[in-house]
Every structure is written in structure tokens, then in C-alpha cells.
Amino acid sequence: YLGLKMVNFGFLAASHRVYPNPAKEEVKIKLNTSGQGMVKVKLVSLTGQILLSKQISNTHDGQEISLETAKYSSGIYFVVVEEGNTSTSSKLMLVN
């Protein structure tokens, strides 16, 4: 017995699905929310610059939103979803 324990911090359940990834002209985000109000979705560069910010009210779990990405250069970005005091991010690759 090594004394190892499995610890669940609960943050994996809060993730959102970002697809297609890699993306070209548009990316979709399937929200995994508590459904309690306002959600903010941001497209952020590797340098931390907020390129796009979208606020969605009256969200529900499983809701899909789209972000137009055609005008951004190919590269790695982050999709950040903020709900209340919780923020999750997913890596996104654009190939334009």
C-alpha cells in the first residue's frame, strides 16, 4: 500500500467543448453551464490580448454559440468561458 488517493477537484466537469479544432472560419462552443445567468466567452491570443468578447445572457446547459474566426491569423489561441466566479479555457488552433 503506497498511501495514494484519488482526488477529484471538480473542475473537469466544468469544461466546454470547442470544435472544430483546428478551426478555419468559425468555431463553435458547446457550453457546460449551471444555467444561472450571464456567460462571457473570449478569444485570447498567446500574448493575452482579448481579440473577441461575447456576452451571453440566459444561457442553458448544452447551448451552442459560434465565434467568427476567419479574420484572425493561423496560430494558437485560447477560448475562455467565464461564468460567475469560474473561468475555464481551451486551446484552439486556427488554420486560415
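Values in this document were obtained by computation on a predicted structure and should not be read as measured data.

Trainee: Tell me about the overall build of the protein, and please be specific about residues and values.
Mentor: Helix and strand counts for the protein come out as 0 helices and 7 strands. Taken from the N to the C terminus, the helices and strands of the protein come in the order β-β-β-β-β-β-β. Every one of the 96 residues in the protein was classed for burial, and the buried ones make up 30%. Restricting to contacts in the protein with at least 6 residues of sequence separation, those with at least 24 account for 55%. For the protein, the exposed surface amounts to about 6,500 Å²; the carbon and sulfur share of it is 52%.

Trainee: Account for the nonpolar core, naming residues and giving values.
Mentor: Of all hydrophobic cores here, the largest spans 17 residues; its most connected members are Ile29, Val41, Val79, Val81 and Leu92. When residues of this core are traced back to their parent elements, those giving at least two are β2 (26–30), β3 (39–45), β5 (64–68), β6 (75–83) and β7 (86–94).

Trainee: Residues and numbers for the environment of Met38, please.
Mentor: Positionally, Met38 belongs in the loop between β2 and β3. With a relative accessible area of 42%, Met38 lands in the partly exposed category. Taking C-alpha positions, Met38 is 6.8 Å from Thr59, a pair spaced 21 residues apart along the chain. Those residues within four positions of Met38 in sequence are excluded, and the remaining contacts are Gln55, Ile56, Ser57, Glu82, Glu83 and Gly84.

Trainee: Break down the side chain of Thr69 for me, citing the residues and quoting the values.
Mentor: By secondary structure assignment, the location of Thr69 is in the loop between β5 and β6. With sequence-adjacent residues up to four places away left out, Thr69 is seen in contact with Lys24, Glu25, Glu26, Val27, Leu43, Leu94 and Asn96.

Trainee: Talk me through the packing of aromatic side chains; I want residue IDs and the actual numbers.
Mentor: Tallied over the entire structure, the rule returns 1 aromatic pair. Judged by centre distance (6.5 Å) and plane angle (55 degrees), the ring pair of Tyr72 and Tyr77 falls under tilted. Residue classification places Tyr77 among the buried positions, given a relative accessible area of 8%. Over the aromatic face of Tyr19 sits the side chain of Arg17, whose NZ or CZ is 4.2 Å from the ring centroid.

Rules and cut-offs
Residues numbered from 1 in each chain as written. Predicted model: local features only at pLDDT ≥ 70, side-chain atom pairs only at ≥ 80, totals over all residues. Heavy atoms only, no water. Helix = DSSP H or I, 4+ residues; strand = E, 2+ residues; numbered from the N terminus. Buried < 20%, exposed > 50% of the residue type's maximum accessible area, 1.4 Å probe, protein only. Contact = heavy atoms within 4.5 Å. Areas by Shrake-Rupley, 256 points an atom, 1.4 Å probe, with all protein chains shown as cover. Core = buried A, V, L, I, M, F, W, Y, C linked by side-chain atoms within 4.5 Å. Phe/Tyr/Trp six-rings, centres within 6.5 Å; stacked < 30°, edge-to-face > 60°. Lys NZ or Arg CZ within 6 Å of the ring centre and 35° of its normal.

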